[in-house]
Amino acid sequence: MTIWVAVVAQTIGTVLGTGLGVMLTSKSRALSWSAQFYLWLFKGTPLLAQILFFYSALPQMGLRLSLVATGLLGLGLNEAARMGDIVRAGLMAVPDEQREAAASLGLRPWITFRKVIFPQAMRTILPPLGNNFSYMIKATSLLATISFAELLRVSQQLAQSTTHALEAYCAASVWYLALITIWTLIQRRLEKKIALNGRDTAPAANVAVQALPDDIRPAIELPTSDAPVTIEARNISKQFGGHTALHPTDLIVRRGEVVVILGPSGSGKSTLLRTLNWIEPADDGDIRIDGESLPWRFANGRRVRRGDAAINRTRQRIGMVFQHFGLFKTYTARENVALGLIKLKKMPRAEAFAKAEALLTRVGLSKQVGAFPVELSGGQRQRVAIARALSMDPVALLFDEPTSALDPETVNEVLNVMTTIAHEGVTMVVVTHEVGFARRIADRVVFMEAGRKLMDLPVARAFSAEAPERFRAFLRHIDA
Ligand SMILES: Nc1ncnc2c1ncn2[C@@H]1O[C@H](COP(=O)(O)OP(=O)(O)OP(=O)(O)O)[C@@H](O)[C@H]1O
């Protein structure tokens, strides 16, 4: 009986708690506040009072439960509140880059959750879940020896109407709720504080960002090649809080071009790049991929934001490589590369794996196809990430500081792969601090400072006396 009750109650708690955990991390306020209310109520009132409530109040609503069913309901709903917190912690422990990597492939939120986020969150969730289950087994004995006896006693008293047992329980519940509310508020404050302290800091600045006067005229030169335009960003801007990370900026990338974006730390390079595939939605402006607007559709002459599914579809056409690789940790190299093909292109598994292996061979990893990310070096992981970004046959690849997290010896193995695919004609936009790479590979060099594009020149002119003084000062600083 103990095992049966514990298993059923734990199952109710785990299933319901998983839903609550997802709701707690949801961007929808209605969902997260409903889940928070549930947790507050069930964590804040004593189990015995809840069981008593179910036992005495539910029959009045026409639902009569047996003693065991009442106990199951009480234990299950309480466990759901605890599991909700545990699942939320597990989901929050999965780095944001995993979600961004999935979004950059164009995976739908449900698939991302099921295939990428939840399996990783399980590693954090499983130990406390085991712990809770041990507790649950013991709680069933409490239920049997104390709660049921108490239930029967109170029920008899209620029937005889000689005491105010129910009121006493209600008053006790209010007190507990007040205590738990205070603790919840303290816990929230602590979590907020820790979240702020733990926020990723930008890599060390190589040149201090200087404020620029608002009326500065950027030295912009539009590309002269007449290949068709692949990415067309117009007037995109982005603010974080009150801080303008990106002033209204244009960027045009033509088919086969390699555009390298250089600039001091904090100058808005990554923000510009991340708006190009809407991983970071811009506040204003438009991005067109092969002429198709990524964020907007036009209805009755008005501009309307496209739905997430439509944005995902267009986004699939652009691959992205992240600084910290963003490989899905629970999948092998081959599975990482094949996931988008199987889930989005609906390719049969065998065919997707064959294509994944061919791509991994192309980046020099034919022997590591079965390795998990932890078994690979940084350079190898980044090459898997490049193969994965190529898997969807994108019209362009975006690289966000692809070598910044690598040891100096492995930087070149990644740059060599990037050089090879650039020579194969892949359209690329690269944010990097590797000036040498820009000189060798770029067709155009964009220089950013304080959220503005200050230079956009063909490579030969960018590295000549013709370049703006600010860019030459930046190069001198790096040389030094
Ligand atoms: N998610 C965010 N929340 C708040 N501020 C942000 C966020 N992302 C970027 N910023 C701010 O926007 C500005 C531009 O950041 P961005 O990462 O684009 O610069 P960057 O040139 O790529 O820098 P780095 O070379 O150091 O990566 C910085 O001041 C940064 O602190």
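Just so it is clear, the structure is predicted and the values come from calculations on it, not from any experiment.

**Digging into helix α9 (residues 308-315)**
Now for step 1: When we look at burial in α9, the residues that qualify are Asn-312, Thr-314 and Arg-315. Looking down the long axis of α9, one finds its buried residues gathered within 165° of arc, a one-sided arrangement.
Now for step 2: Against the buried residues of α9 lie α5 (96-105), β5 (284-289), β6 (292-293) and β9 (318-321).

**Observations regarding helix α12 (residues 378-391)**
In an α-helix, one turn spans 3.6 residues, which is why side chains three or four residues apart end up on the same side.
Now for step 1: Over its 14 residues, α12 extends 20 Å from the first C-alpha to the last, a length consistent with the 20 Å expected when each residue adds 1.5 Å.
Now for step 2: The buried fraction of α12 amounts to 13 of the 14 residues, a majority that puts the element mostly inside the structure.

**Thoughts on the site of the ligand**
Now for step 1: Of all residues adjacent to the ligand, which total 12 residues, the nearest are Phe-240, Ala-245, Ser-265, Ser-270 and Thr-271.
Now for step 2: The element best represented in the shell around the ligand is helix α8 (residues 269-276), accounting for three residues.
Now for step 3: Residues of the shell around the ligand, tallied by class, amount to four nonpolar, seven polar and one charged.

**A few points about the sheet that holds β5**
Now for step 1: Spatial strand order, β3-β2-β5-β6: four strands in an open sheet with antiparallel pairing. Lying at the two open borders of the sheet, with one neighbouring strand each, are β3 (243-254) and β6.
Now for step 2: Here strand β2 (residues 229-240) pairs with β5 via five bridges, running antiparallel. Counted as the bridge partner of Ala-233 is Ile-287 from β5.

**Observations concerning the UniProt feature "domain: ABC transporter" (unreviewed entry) in the protein chain**
Now for step 1: According to UniProt, the feature "domain: ABC transporter" (unreviewed entry) maps to residues 231-475 in the numbering used here.
Now for step 2: Secondary structure across residues 231-475 comprises 36% helix and 28% strand; the distance between its end C-alpha atoms is 27 Å.

**A word on unusual backbone geometry**
Backbone geometry follows two general trends: most residues other than glycine have a negative phi, and most peptide bonds adopt the trans configuration.
Now for step 1: Located in the positive-phi region is Trp-278, a residue other than glycine, with phi close to 65°.
Now for step 2: Judged by local crowding, Trp-278 falls into the buried class, with 21 C-beta atoms found within 10 Å.
Now for step 3: Unusually for a residue other than glycine, Asn-300 sits at a positive phi of about 50°.
Now for step 4: On the secondary structure map, Asn-300 appears in the loop between β7 (296-299) and β8 (302-305).

**Topic: the nonpolar core**
Now for step 1: Ranked by internal contacts, the top residues of the largest apolar core, which has 98 residues, are Ile-261, Leu-360 and Val-429.
Now for step 2: Ranked by residue count, the leading element in this core is helix α4 (residues 67-93), at seven residues.
Now for step 3: Summarising the domain contributions, this core has at least three residues from each of domain 1 (2-197) and domain 2 (219-479).
Now for step 4: Residues in contact with Val-429, not counting those within four places in the same chain, are Val-253, Val-259, Ile-261, Leu-273, Leu-276, Ala-396 and Leu-398.

The rules behind these values
- Residues numbered from 1 in each chain as written.
- Predicted model: local features only at pLDDT ≥ 70, side-chain atom pairs only at ≥ 80, totals over all residues.
- Buried ≥ 20, exposed ≤ 12 C-beta atoms within 10 Å, placed from the backbone.
- Helix = DSSP H or I, 4+ residues; strand = E, 2+ residues; numbered from the N terminus.
- Arc of directions from axis to C-beta.
- Contact = placed C-beta atoms within 7 Å.
- Expected span 1.5 Å × (residues − 1).
- Near = placed C-beta within 6 Å.
- Nonpolar A, V, L, I, M, F, W, Y, C, P; charged D, E, K, R; others polar.
- Pairing = 2+ DSSP bridges.
- UniProt positions renumbered as here; feature names shortened; annotations may be inferred.
- Core = buried A, V, L, I, M, F, W, Y, C linked by C-beta atoms within 7 Å.
- Domains from an automatic or database assignment.

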